[in-house]
Amino acid sequence: MSSTVPPVDPAAPGFFRANISTWMVWLGRTVAGFTCSVLLGAIGYVSGLVINLILGYPWDRDVHINLTMVCIGLGAGVGAYLGWISLRWSRYSAIGVLALVCAVSVAGVYVGLAYGPGIDPTYWFSRWALDPYVVVISAVMGTAAATAVGLFQQWYYLKRDQSRPSRQAMTTVGSAGPDQEGASSD
């Protein structure tokens, strides 16, 4: 049986011996996670404003701004997580990774608020508005965290699967046919 796998440099580590389709899958998952992160971050921004409107702004302005920022971060975190979601994780591992990515996305909102250009003070809603860059920075940071966790998971399962015997090796030992050398005629 001929193999269609191209020759591999034996000195290259196993993680970097992947073919182009593997790299394209990783790139596609990262782009999909970033896209979902931006969209869900924008939905989180609108949701935060709607929650504040429903509440009637009873508290200090900073409380309502922080509520909106947390909604943006949670939306961006869930979107970034969706790009790298895995069915191989246990329930608790998946919840932990989701919490980590959401926490990094919420931190990204605060980084975007601190380093973004800000809102023009003459804008009529400037007292309650947030800079649109906070959504993008939150999405970038959440996607970076989700990609790092996803690539670590891919590397971990690759190493784990290589350390175990293959299914073919487990099923072909001692099952040589009569036309092959070493076959027993029991």
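Predicted model only: the values in this text are computed from it and were never measured.

Colleague: Sorry, what's going on with the pattern of salt bridges here?
Modeller: Two side chains that carry opposite charge are able to pair once their charged atoms sit near each other. Enumeration over the complete set of coordinates arrives at one salt bridge. Across the salt bridge formed by Arg61 and Asp62, the nearest N and O atoms sit 3.8 Å from each other. Exposure remark for Arg61: the relative accessible area of 31% places this residue in the partly exposed category.

Colleague: How should the packing of aromatic side chains be read in this particular structure?
Modeller: Throughout the structure, instances matching the rule amount to three aromatic pairs. When the ring of Tyr81 is compared with that of Trp89, the centres are 6.2 Å apart and the planes differ by 25 degrees; the resulting orientation is stacked. Here the two residues Tyr81 and Trp89 agree in accessibility, since each one is buried. Taking 5.3 Å as the distance between ring centres and 65 degrees as the angle between the ring planes, the aromatic pair formed by Tyr156 and Tyr157 counts as edge-to-face.

Colleague: Sorry if this is basic, but what is going on with the side chain of Thr143 here?
Modeller: Topologically, Thr143 is positioned in helix H4 (residues 133-163). Setting aside its immediate chain neighbours within four residues, Thr143 contacts Thr30, Gly33, Phe34, Ser37 and Ala80.

Reading the values: rules and limits
- Residues numbered from 1 in each chain as written.
- Predicted model: local features only at pLDDT ≥ 70, side-chain atom pairs only at ≥ 80, totals over all residues.
- Heavy atoms only, no water.
- Salt bridge = Lys/Arg side-chain N within 4 Å of Asp/Glu carboxyl O.
- Buried < 20%, exposed > 50% of the residue type's maximum accessible area, 1.4 Å probe, protein only.
- Phe/Tyr/Trp six-rings, centres within 6.5 Å; stacked < 30°, edge-to-face > 60°.
- Helix = DSSP H or I, 4+ residues; strand = E, 2+ residues; numbered from the N terminus.
- Contact = heavy atoms within 4.5 Å.

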